[in-house]
Amino acid sequence: LLFSAIIFAQKKDKREGAYSIQLVSVESPKGIENGKIDSLNSTYEDSLIKINWQYAVSQIGFDLLNKTDESIKVLWDDAAFISVKNESSRVFHKGVKYIDRENSQAPTSIYKGTSLSDLISPTTYTTYMSGKYGGWISRPLYNTPTAIWSSKVEYKPELLGQTLKVVLPLKKEDTTLEYLFVFKTIFKEKK
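Residues numbered from 1 in each chain as written. Predicted model: local features only at pLDDT ≥ 70, side-chain atom pairs only at ≥ 80, totals over all residues. Heavy atoms only, no water.

## Considerations on the side chain of Ser-58
Part 1 of the reasoning: Residue position: Ser-58 is located in the loop between strand S4 (49-55) and strand S5 (60-66).
Part 2 of the reasoning: What makes Ser-58 buried here is its relative accessible area of 16%. (Helix = DSSP H or I, 4+ residues; strand = E, 2+ residues; numbered from the N terminus. Buried < 20%, exposed > 50% of the residue type's maximum accessible area, 1.4 Å probe, protein only.)

## Here's the deal with the environment of Leu-119
Part 1 of the reasoning: With respect to the element layout, Leu-119 can be found in strand S10 (residues 115-122).
Part 2 of the reasoning: According to the relative accessible area criterion, Leu-119 is buried, its value standing at 18%.
Part 3 of the reasoning: Along the primary structure Leu-119 and Asp-69 are separated by 50 residues, whereas in three dimensions their C-alpha atoms are 24 Å apart.
Part 4 of the reasoning: Leave out the neighbours within four places in its chain, and Leu-119 touches Gln-59, Ile-60, Gly-61, Phe-62, Trp-76, Phe-92, His-93 and Lys-94. (Contact = heavy atoms within 4.5 Å.)

## Digging into the layout of surface pockets
Part 1 of the reasoning: One number sums up the size of the largest pocket: a volume of about 200 Å³.
Part 2 of the reasoning: Together, Ser-83, Val-84, Lys-85, Glu-87, Tyr-125, Arg-139, Pro-140, Leu-141, Tyr-142, Asn-143 and Gln-162 line the largest pocket. (1 Å grid on protein atoms, 1.4 Å probe; cavity = no way out; pocket = protein on both sides within 12 Å on 5 of 7 lines; lining within 4 Å. Points joined across faces, edges and corners; volume = space filled by probe spheres on them.)

## Comments concerning the pattern of salt bridges
Opposite charge on two side chains lets them pair, provided their charged atoms get close.
Part 1 of the reasoning: One pass over the structure, following the stated rule, counts two salt bridges.
Part 2 of the reasoning: Note that Lys-67 and Glu-45 form a salt bridge whose closest N and O atoms lie 2.8 Å from each other. In this pair, Lys-67 is assigned in the loop between S5 and strand S6 (72-74) and Glu-45 in strand S3 (residues 43-45), connecting sequence segments 22 residues apart.
Part 3 of the reasoning: According to the relative accessible area criterion, Lys-67 is partly exposed, its value standing at 35%.
Part 4 of the reasoning: Across the pair Arg-90 and Asp-77 runs a salt bridge, and its minimum N-O distance is 3.3 Å. Of this pair, Arg-90 sits in strand S8 (residues 88-93) while Asp-77 sits in the loop between S6 and strand S7 (80-82); the two residues are 13 residues apart in sequence, bridging distant segments of the chain.
Part 5 of the reasoning: On the basis of relative accessible area, Arg-90 is assigned to the partly exposed category, the value being 22%.
Part 6 of the reasoning: A relative accessible area of 33% places Asp-77 in the partly exposed class. (Salt bridge = Lys/Arg side-chain N within 4 Å of Asp/Glu carboxyl O.)

## A word on the pairing of S5
Part 1 of the reasoning: Burial of S5 is extensive: five of the seven residues sit out of reach of the surface.
Part 2 of the reasoning: Taken together, the seven bridges between S4 and S5 define a ladder with antiparallel strand orientation. For Ile-51, the partnering residue across the bridge sits in S5 and is Leu-64.
Part 3 of the reasoning: Between S4 and S5, which pair antiparallel one after the other, the connecting turn spans four residues, and Val-57 there sits at a positive phi close to 60°.
Part 4 of the reasoning: By the bridge criterion, six bridges tie S5 to S10 in an arrangement that is antiparallel. Following the sheet pairing, Phe-62 is matched in S10 by Asp-118. (Pairing = 2+ DSSP bridges.)

## Section: the packing of aromatic side chains
Part 1 of the reasoning: Summed over all chains, the structure comprises 14 aromatic pairs.
Part 2 of the reasoning: Each ring, one from Trp-53 and one from Phe-183, has its centre 5.4 Å from the other, and the planes form 80°; the classification is edge-to-face. You can see Trp-53 sitting in strand S4 and its partner Phe-183 sitting in strand S15 (residues 175-189), a full 130 residues away along the chain. There is no split in this pair, since Trp-53 and Phe-183 are both buried. (Phe/Tyr/Trp six-rings, centres within 6.5 Å; stacked < 30°, edge-to-face > 60°.)

## Considering the nonpolar core
Part 1 of the reasoning: Judged by nonpolar contacts, the single largest core of 38 residues is most densely connected at Ile-49, Ile-51, Trp-53, Leu-168, Tyr-179 and Phe-181.
Part 2 of the reasoning: At the level of elements, strand S1 (14-27), S4, S5, S6, S10, strand S14 (163-172) and S15 are the ones that each hand at least two residues to this core.
Part 3 of the reasoning: Broken down by element, the residue count for this core peaks at five residues, all from S15.
Part 4 of the reasoning: Counting residues in hydrophobic clusters, the runner-up holds five residues, among them Ala-80, Ile-82, Leu-180 and Val-182. (Core = buried A, V, L, I, M, F, W, Y, C linked by side-chain atoms within 4.5 Å.)

Pasting the structure below:
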């Protein structure tokens, strides 16, 4: 039986690398001409903003540059994360305590010509576990194999190409501009 388990374990395709996401498309607000997408670097740019996304297993970080000559605001209460199962979830961002993640969040202002470095995490993916080894736990944005004692992870082609989305509404003067960022799951091999 042990011999069979060893042989079965050896047949798994393990590779040096990690699962991640890559920006593939953006639905920009009405009246804003289509911007440029750099999928390799997960960057989007139009006449109002430039945003670069970074994946971090249980959250997505971003650097957002306000290219306008007026302040814009990120409307956190209207932002959303849409999972690979097409389920929408409220998000919370940097500086919000886990216990307060379901409460209303004040908009963040980005002054003209400046940038904001922040992150989003779905509220439903963060829970508190009680007990001796309990605490706050954030589950991954999508389920991927992890490596515990090795730098190699199990490669599963069926996990690639799944879609995640982020709705990020921005307010400029009295106008709400809703951006929809679409990501696909990828595997980045270490070279």
